[in-house]
Amino acid sequence: MSVSGAMALAANGGIGDLVNGVAPDWGPFADLGGTARTVVQAIMAGVIVALLGRAALGAFHIRVGESQHDITQVSKGKKDVGAALVGAFVVASLGTVFTIVYGLGV
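Residues numbered from 1 in each chain as written. Predicted model: local features only at pLDDT ≥ 70, side-chain atom pairs only at ≥ 80, totals over all residues. Heavy atoms only, no water.

Engineer: What is the right way to look at the side chain of Ser93 in this model?
Structural biologist: Note that Ser93 resides in the loop between helix H4 (71-92) and helix H5 (94-105). A polar side-chain atom of Ser93 sits 3.2 Å from the main-chain carbonyl oxygen of Val90. (Helix = DSSP H or I, 4+ residues; strand = E, 2+ residues; numbered from the N terminus. Polar contact = N/O pair within 3.5 Å; in protein donor to acceptor, adjacent residues only side chain to side chain.)

As structure tokens, then:
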């Protein structure tokens, strides 16, 4: 995917373009078969859903901790939310990272 192609995707701004980042079909993923690509997509989507669930649980800990004036629970909730969102970002950008590394190796 060229830079101009990425800019065109960003300019269109459709939801399909956003979801396409979790369904990589370029670079090293293009050499995979259809079944293997589907497995990679399902694993990535499952991990993102689990991490976003963990972020929601962390937000719940923050809310309960604030209502009970429990600083420890609020701190735990903040750590959970931060870690889950960073993890979701990393998993969502794995396709891009693999493509860059693959492109440098070729």
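Engineer: Could you clarify how one ought to interpret the pattern of salt bridges in this entry?
Structural biologist: For side chains bearing opposite charge, pairing can occur when the charged atoms are close. According to the stated counting rule, one finds two salt bridges in the structure shown. In this structure, Asp80 engages Arg54 in a salt bridge whose closest nitrogen and oxygen atoms are separated by 3.3 Å. Note that Asp80 is positioned in helix H4 and Arg54 in helix H3 (residues 34-67), a separation of 26 residues in sequence. Accessibility expressed as a relative area gives 12% for Asp80, which makes it buried. (Salt bridge = Lys/Arg side-chain N within 4 Å of Asp/Glu carboxyl O. Buried < 20%, exposed > 50% of the residue type's maximum accessible area, 1.4 Å probe, protein only.)

Engineer: Please explain H3 as it appears in this structure.
Structural biologist: An α-helical turn contains 3.6 residues, so any two residues separated by three or four positions project in the same direction. Over its 34 residues, H3 extends 50 Å from the first C-alpha to the last, a length consistent with the 50 Å expected when each residue adds 1.5 Å. Every buried residue of H3 is accounted for by Met44, Ile48, Ala55, Gly58, His61, Ile62, Val64 and Gly65. Where H3 is buried, its residues touch H4 and H5. At the exit of H3 stands His69, carrying a positive phi of roughly 55°. (Expected span 1.5 Å × (residues − 1). Contact = heavy atoms within 4.5 Å.)

Engineer: Can you walk me through the side chain of His61 in this structure?
Structural biologist: On the secondary structure map, His61 appears in helix H3. Take His61: its relative accessible area is 17%, and that puts it in the buried class. A distance of 3.4 Å separates the side chain of His61 from the side chain of Gln73, its partner in a polar contact. Residues contacting His61, with those up to four places away along its chain left out, are Gln73, Val74, Lys76, Gly77 and Asp80.

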